[in-house]
Amino acid sequence: MDLLPVYASSESDNDGEDIEKQEETNRPDPKNAKIQNRRVSLNAAPIPSVLASVKANHAMDRLHAASNNALTLSSSFPNASNNVGGENMLMNNPLKSQLMQPVQGPAILDPNGIQATKKKRGDESHIKENVVFDFLSFEEQRNEFQRSGQARAPDERGSLVMRGTYGHTRRRKNEETGKYEFISEDQYQAEIKAKRKAWENEPEVEPEITSHDGNDGDQVKGMKRKRKEDDLVQDSDDEINYGIWGPPTKDMIQREKDRMTDLERAGGIETLLPDEIIAERAHLTERDRQRGVEREERENQDFDKLVERKMSHLLPPRIDGEEAKAIEPSTTFHPSESEEYNYKGDSWIIPTSDFRESVEFGDLEHHRCYVPKKCVARFTGHNKGVHRIRLFPGTGHLLLSGGLDGKCKVWSVAEKKVMRTYIGHSAAVRDVQFNNDGTKFLSCSFDRFIRLWNTETGEVEGTYTNRRVPYIIKFYPLDNSLFVAGCSDNKIVTYDSKSGDIVQEYNHHLAPVNTITFVEDHGMKMITSSDDKKILVWEWDIGVPIKYISDPTMHSIPVITMHPSGSFFAGQSLDNQIVVYQGRDRFAVQRKKRFTGHQVSGYACDIAISPDGQFICSGDGNGKFFVWDWKRGRILQKYHAHDKGPCIGCVWHPVLPSTVFTCGWDGVIKMWQ
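Rules used throughout
- Residues numbered from 1 in each chain as written.
- Predicted model: local features only at pLDDT ≥ 70, side-chain atom pairs only at ≥ 80, totals over all residues.
- Heavy atoms only, no water.
- Salt bridge = Lys/Arg side-chain N within 4 Å of Asp/Glu carboxyl O.
- Buried < 20%, exposed > 50% of the residue type's maximum accessible area, 1.4 Å probe, protein only.
- Phe/Tyr/Trp six-rings, centres within 6.5 Å; stacked < 30°, edge-to-face > 60°.
- Helix = DSSP H or I, 4+ residues; strand = E, 2+ residues; numbered from the N terminus.
- Pairing = 2+ DSSP bridges.
- Axes fitted to C-alpha atoms, helices over the stretch in contact; angles between N-to-C directions.
- Patch = residues over 30% accessible without salt bridge, like charges linked within 9 Å, V, L, I, M, F, W, Y side chains within 5 Å.
- Areas by Shrake-Rupley, 256 points an atom, 1.4 Å probe, with all protein chains shown as cover.

Draft legend 1. Seen up close, the pattern of salt bridges. One pass over the full model with this rule turns up 11 salt bridges. The shortest N-O distance in the salt bridge between Glu415 and Lys417 comes to 3.2 Å. The class for Glu415 is partly exposed, based on a relative accessible area of 49%. Given a relative accessible area of 29%, Lys417 falls into the partly exposed group. Salt bridges here are not isolated pairs; linked through shared partners, they connect Arg390, Asp431 and Asp606.

Okay, here's the thing in structure tokens:
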């Protein structure tokens, strides 16, 4: 060490003799010494700090200037030698290797500035002051480093330390500054990919090797050297990152899994078994499959009975163990075959010139409606009651009816006769509905089947079921390939008529669904009602309702009809009145607009509103037919329309201004004008 110049010139560890001679030269006269010299054996056991100088007497201020070097020595190595009268006394003789060791431990605070000098010189071995260690912060940062791979360093700047691939942060030498800089793992991987891509895109090298064999101008062209193509694994666990001892790649693992053994290539262990055992196993497999199918059928039937236990007396029975199948459909065209097409070649479903398209709402000058006064025609043909009637969309020249005898019929309004009969249900028809252009219609029945019919030919284009009883069916106004059905299991399902699959379910009602009505922009929203005494508003194709309409005073509303203006809808409440709600925005109830006077408790009697919006009509449970004024709410006309049951259905003709059709459970359809 430079602090001990007397030992700096020694070149070996066994330099005791030179030191002794130098001590003899520098020793003062023994006659003038106050204390006799003492020396310890040079073979004493060495210690890390062996040389130091201390003040022997604080009163000897006169020797302070002469003993600066000794004070410097005492700052580094205390209690190793004594200074008496400005003379250093050797207490131990260490080896040179021990003298060159750094100072250990923050024992002193550098009173003479030696450590500061070393710090300025760039030596990092200077002694630092004792600091308070924050164990709480250290544990917090250590846990953060283990969780996320990065933590704050315990320096003045609080720099961020990140964990690299090998457990530390990668460093790269900056060519401009010559210093090492930290780089992120993403940057490192990007550089690796760039190098690999550059290597793959490197052009082939074709050098020309020339050699001179003594003859001027003689040059020999060498062979072309091509770069060898090595197979690199383009994965995160390739040899570039992990070396040759890295884990197997994903491709290697997948190839090992896909590799077949010789026994598997031959067909498996079963190929080695006798034929009797193979046949027995096949028989047991088929038996288990049949048992599973039967068990699933029984579970489905039990579940159907559980869901529909409240109305099981109204549903057709199911034979245990028999798969539910729809009956074979059939159709009959009642007029002569010559009437199926007219002299122009048009089909019988094409409207005549007498039935023009319905005009826009509010055109009272060309389409003012009046209250019907008498029955002008009777349509008979159903063997049992008629439950629903629908008019051809737009023109109304054809009338569609669904009866309790399981048949659907299409009638000509102009000729007042049946045109075609459609037989395809084994139970009563619950509802019928034309599509948007009238070329097809749907029928749903208590036999749990929905059928799509071709109106002109009578062919069945689709049969759909989810083992539930459909109560209401409606085509989506913007797409004829989609229709919705409200079922007895409290759900509303959307069918795709082309594939026959259920594409959406609406499941928020607590009882069977009775009505489905499309509102706002021809079907952007949908209103449904149920026996749970609630009205729900849905966005199309979103299975969560956007609005609940429910009140303790509400009753079940089995029928809903839109007003031609689109601003209101009327509901047949089972407390013997017709209630009105807003048809958009808040869907608020109009408490001042109610229509009473009829008895409909227990019956889903249909509601009809005139095309000009001035009149509203409905049947009741006693077979009567009522007409009210929309603005005042008073009864304008009342008829006894049907016997032996309720007047269950009614429709107002869209073109003929004062024509209304009604149907009842007596099997008769009446035309009123």
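Read on for the rest.
Draft legend 2. The arrangement of the packing of aromatic side chains in detail. Counted according to the given criterion, the structure contains 27 aromatic pairs. For the pair Tyr422 and Phe441, a centre-to-centre distance of 4.9 Å together with 80° between the ring planes defines the contact as edge-to-face. With Tyr422 in strand β12 (residues 417-423) and Phe441 in strand β14 (residues 440-445), the pair connects residues that are 19 residues apart, well separated along the chain. Summarising the burial analysis for this pair, Tyr422 and Phe441 share the class buried.

Draft legend 3. Summary view of the sheet that holds strand β20 (residues 502-506). Strands sit in the order β17-β18-β19-β20 across an open sheet of 4 strands; the sheet is antiparallel. Each edge of the sheet is formed by a strand with only one pairing partner; in this case those strands are β17 (470-476) and β20. For this sheet the average axis-to-axis angle between neighbouring strands, irrespective of direction, equals 20°. Strand direction decides the pairing type here: β17 and strand β18 (residues 479-487), joined by 6 bridges, are antiparallel. Of the residues in β18, the one forming a bridge with Tyr476 is Asp479.

Draft legend 4. Examining a nonpolar patch on the surface more closely. On the surface, Leu263, Ile269 and Leu272 cluster together to form a nonpolar patch covering roughly 300 Å² of accessible area. Tracing the sequence through the fold places Ile269 in the loop between α10 (262-266) and α11 (275-307).

Draft legend 5. Quick look at the sheet that holds β14. Ordered in space as β13-β14-β15-β16, the 4 strands form an open sheet in which the pairing is antiparallel. On the outer flanks of this sheet lie β13 (429-434) and β16 (460-464), each paired with one strand and no other. Strand-to-strand twist across the sheet, computed as the mean angle between neighbouring axes with direction ignored, equals 15°. Judged from the 4 bridges that link them, strand β15 (residues 450-454) and β16 form a sheet pairing that is antiparallel. Among the inter-strand pairings, Leu452 is bridged to a residue of β16, identified as Gly462.

Draft legend 6. Here's a closer look at the pairing of strand β30 (residues 615-619). With 5 of its 5 residues buried, β30 lies for the most part within the structure. Burial along β30 is two-sided: the face carrying Phe615, Cys617 and Gly619 and the face carrying Ile616 and Ser618 are both buried. Looking at chain direction, strand β29 (residues 607-609) and β30 are connected through 3 bridges and run antiparallel. If you follow Ile607 over to β30, its bridge partner there is Ser618. Between β29 and β30, which pair antiparallel and follow one another directly, the connecting turn spans 5 residues, one of which, Gly613, has a positive phi of 75°. Here β30 runs beside strand β31 (residues 624-629); their pairing, made up of 5 bridges, is antiparallel. Within β31, the position partnered with Cys617 by the bridge is Val627. The turn linking β30 back onto β31 is made up of 4 residues, and Gly623 within it adopts a positive phi angle of 85°.

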